[in-house]
Amino acid sequence: MADAHATPHHDYHLVSPSPWPLLSSIAVTIMMIGAVVWMKGLVPADAGVVAGALLAKGDKALFFAGLVGTFLSAGLWWADVVKEGNAGDHTPVVSIGLRYGMLLFIASEVMFFVAFFWVFFEMTLFNEARTHIPEVGAWADTAKAWSSWPPQGIETLDAWQLPLLNTVILLLSGTTVTWAHHAIAQGDRNATKIGLGITIALGVLFTGVQAYEYHHIIHENLFFNEAAINSGLYGSIFFMATGFHGFHVLIGTLFLIVCMLRLLAGGFTPQKHFGFEAAAWYWHFVDVVWLFLFAFVYVVFG
């Protein structure tokens, strides 16, 4: 019988059995269940000592346990991929597969945001259709609320203040990550560190500005208040679309931080730096999505 670990006579990489895909899935599942427990709860608070302590509304332990497990398993999985690359397992054929995989992943993320925009445009372009609901009882309030866009009582944000600032921040970060990408391709590691460091700082700044914006919206009750009759759908799609984009910025920032740590540890060469290239692709995707959010959610229909 041939040795399974013998030197391969092909350009493909047969990955060794890994526990990380299964453990990552379990950790993410626990995290999502924990998020439901935190926001809604799965049992009454008096359901018993153990169940009440872990599954009652407002308990955060399950969520953060899943979050730690997700970061830990994903980090160890990522480290294994880096080791494979350093060991020479990422041959030209494997590298092509990695590129296709990243492109397909970004395409799936595009579809993710298409769904949000679909709902948003359905509400903005066809809101008047809801005014034809027979004005009886509660339906009368619904028709009245949807007679204009945004719904009556909603105080929208000024697109030319914080949203414009975040647009400038992301566009600038797109130029700095491109600078860093070209620098590593030319073997200029110092310029790569500077460009990457500026991009990470801008990503953190974007997240901070968005957090301040959200605090302002919630503190001032701009979207959810007694005057804004039946306005929950507007606030929900706003926070869903911009919030998930903000989550992607956070993930992209972590992606770039990992690249910086690898760079400081001596990783990446002009010939082999796909990890950083993939991070740059992802960051440009985040930039483009934000331009659509800014144009339509804040400016055209804001």
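Quick note: structure is the one above.
Computed from a prediction, not measured in an experiment: that's the story for all the values here.

1. Notes on the overall build of the protein
For the protein, the helix and strand inventory stands at nine helices and zero strands. Order of helices (α) and strands (β) in the protein, N terminus to C terminus: α-α-α-α-α-α-α-α-α. Looking at the 302 residues of the protein, the share that counts as buried comes to 37%. Taking contacts inside the protein between residues at least 6 apart in sequence as the whole, the part at least 24 apart equals 71%. Total accessible area computed for the protein in this model is approximately 17200 Å², and 70% of it derives from carbon and sulfur atoms.

2. Considerations on the packing of aromatic side chains
One pass over the full model with this rule turns up 28 aromatic pairs. Ring centres 5.3 Å apart and planes at 65° place the aromatic pair Phe112 and Phe244 in the edge-to-face group. One end of the pair, Phe112, is in helix α4 (residues 92–125); the other, Phe244, is in helix α8 (residues 232–264), and 132 residues separate them in sequence. You can call Phe112 partly exposed: its relative accessible area is 31%. Exposure remark for Phe244: the relative accessible area of 31% places this residue in the partly exposed category. An angle of 85° between the planes, with centres 5.2 Å apart, marks the rings of Phe121 and Phe296 as edge-to-face. Note that Phe121 is positioned in helix α4 and Phe296 in helix α9 (residues 274–300), a separation of 175 residues in sequence.

3. Here we look at a nonpolar patch on the surface
A surface patch of nonpolar side chains, amounting to about 930 Å² of accessible area, comprises Phe71, Phe112, Met240, Phe244, Phe247, Leu250, Ile251, Leu254, Ile257, Leu261 and Leu264. Ranked by residue count, the leading element in the nonpolar patch is α8, at nine residues. Note that Phe247 resides in helix α8. On the basis of relative accessibility, which here comes to 45%, the residue Phe247 falls in the partly exposed class.

4. Side note on the packing of α4 against α9
Close contact between α4 and α9 brings their axes to 11 Å; oriented N to C, the two are set at 15°. When the axis of α4 is compared with that of α9, the two are roughly parallel. Considering how the two elements wind past one another, α4 and α9 form a crossing that is right-handed. For the pair formed by α4 and α9, the contact residues are Leu98, Arg99, Met102, Leu103, Phe105, Ile106, Glu109, Val110, Phe113, Phe117, Phe120 and Phe121 on the first element and Phe274, Glu277, Ala278, Trp281, Tyr282, Phe285, Val289, Phe292, Leu293, Phe296 and Val297 on the second.

5. Digging into the side chain of Thr199
Here Thr199 lies in helix α7 (residues 189–219). Classification of Thr199 by relative accessible area gives buried; the value is 0%. Reaching out from Thr199, the side chain makes a polar contact with the backbone oxygen of Gly195 at a distance of 2.8 Å. When sequence neighbours within four positions are dropped, the list of residues in contact with Thr199 reads Ser173, Thr176, Val177, Leu256 and Trp283.

6. Topic: the packing of helix α1 (residues 20–39) against helix α3 (residues 61–86)
Contact geometry for α1 and α3: axes closest at 7 Å, N-to-C directions at 155°. By the angle between their directions, the pair α1 and α3 is classed as roughly antiparallel. You can see that α1 and α3 cross each other, and the crossing is left-handed. Here the contact of α1 with α3 is composed, by residue class, of 18 nonpolar, six polar and one charged.

7. Examining the environment of Phe121
Of the residues examined, Phe121 reaches a relative accessible area of 25% and is grouped as partly exposed. The contact partners of Phe121, leaving out residues within four places of it in the chain, are Phe126, Phe296 and Phe301.

8. Here we look at the nonpolar core
In globular proteins that are soluble, nonpolar side chains generally tend to be buried together. In terms of nonpolar packing, the biggest core is built from 53 residues, with Leu196, Ile217, Phe223, Phe238, Leu256, Phe276 and Tyr298 touching the most fellow members. Those elements that place two or more of their residues in this core are α4, α6 (162–185), α7, α8 and α9. When residues in this core are grouped by element, the largest group, 15 residues, is from α9. Each residue touching Phe276, except ones within four places of it in the same chain, is listed here: Val177, Ala180, His181, Ile184, Leu196, Leu256, Cys259 and Phe268.

9. Examining the pattern of salt bridges
Side chains that carry opposite charge are capable of pairing whenever their charged atoms lie near each other. This model, assessed by the stated rule, comprises one salt bridge. The partner of Glu277 in a salt bridge is Arg99, and the shortest N-O contact between them spans 2.7 Å. Here the residue Glu277 occupies a position in helix α9, and Arg99 occupies one in helix α4, the gap between them amounting to 178 residues. Among the residues examined, Glu277 registers a relative accessible area of 12% and is labelled buried.

Calculation notes
- Residues numbered from 1 in each chain as written.
- Predicted model: local features only at pLDDT ≥ 70, side-chain atom pairs only at ≥ 80, totals over all residues.
- Heavy atoms only, no water.
- Helix = DSSP H or I, 4+ residues; strand = E, 2+ residues; numbered from the N terminus.
- Buried < 20%, exposed > 50% of the residue type's maximum accessible area, 1.4 Å probe, protein only.
- Contact = heavy atoms within 4.5 Å.
- Areas by Shrake-Rupley, 256 points an atom, 1.4 Å probe, with all protein chains shown as cover.
- Phe/Tyr/Trp six-rings, centres within 6.5 Å; stacked < 30°, edge-to-face > 60°.
- Patch = residues over 30% accessible without salt bridge, like charges linked within 9 Å, V, L, I, M, F, W, Y side chains within 5 Å.
- Salt bridge = Lys/Arg side-chain N within 4 Å of Asp/Glu carboxyl O.
- Axes fitted to C-alpha atoms, helices over the stretch in contact; angles between N-to-C directions.
- Parallel < 35°, antiparallel > 145°, perpendicular 65-115°, else oblique.
- Left-handed = near helix turned anticlockwise from the far one by under 90°.
- Polar contact = N/O pair within 3.5 Å; in protein donor to acceptor, adjacent residues only side chain to side chain.
- Nonpolar A, V, L, I, M, F, W, Y, C, P; charged D, E, K, R; others polar.
- Core = buried A, V, L, I, M, F, W, Y, C linked by side-chain atoms within 4.5 Å.

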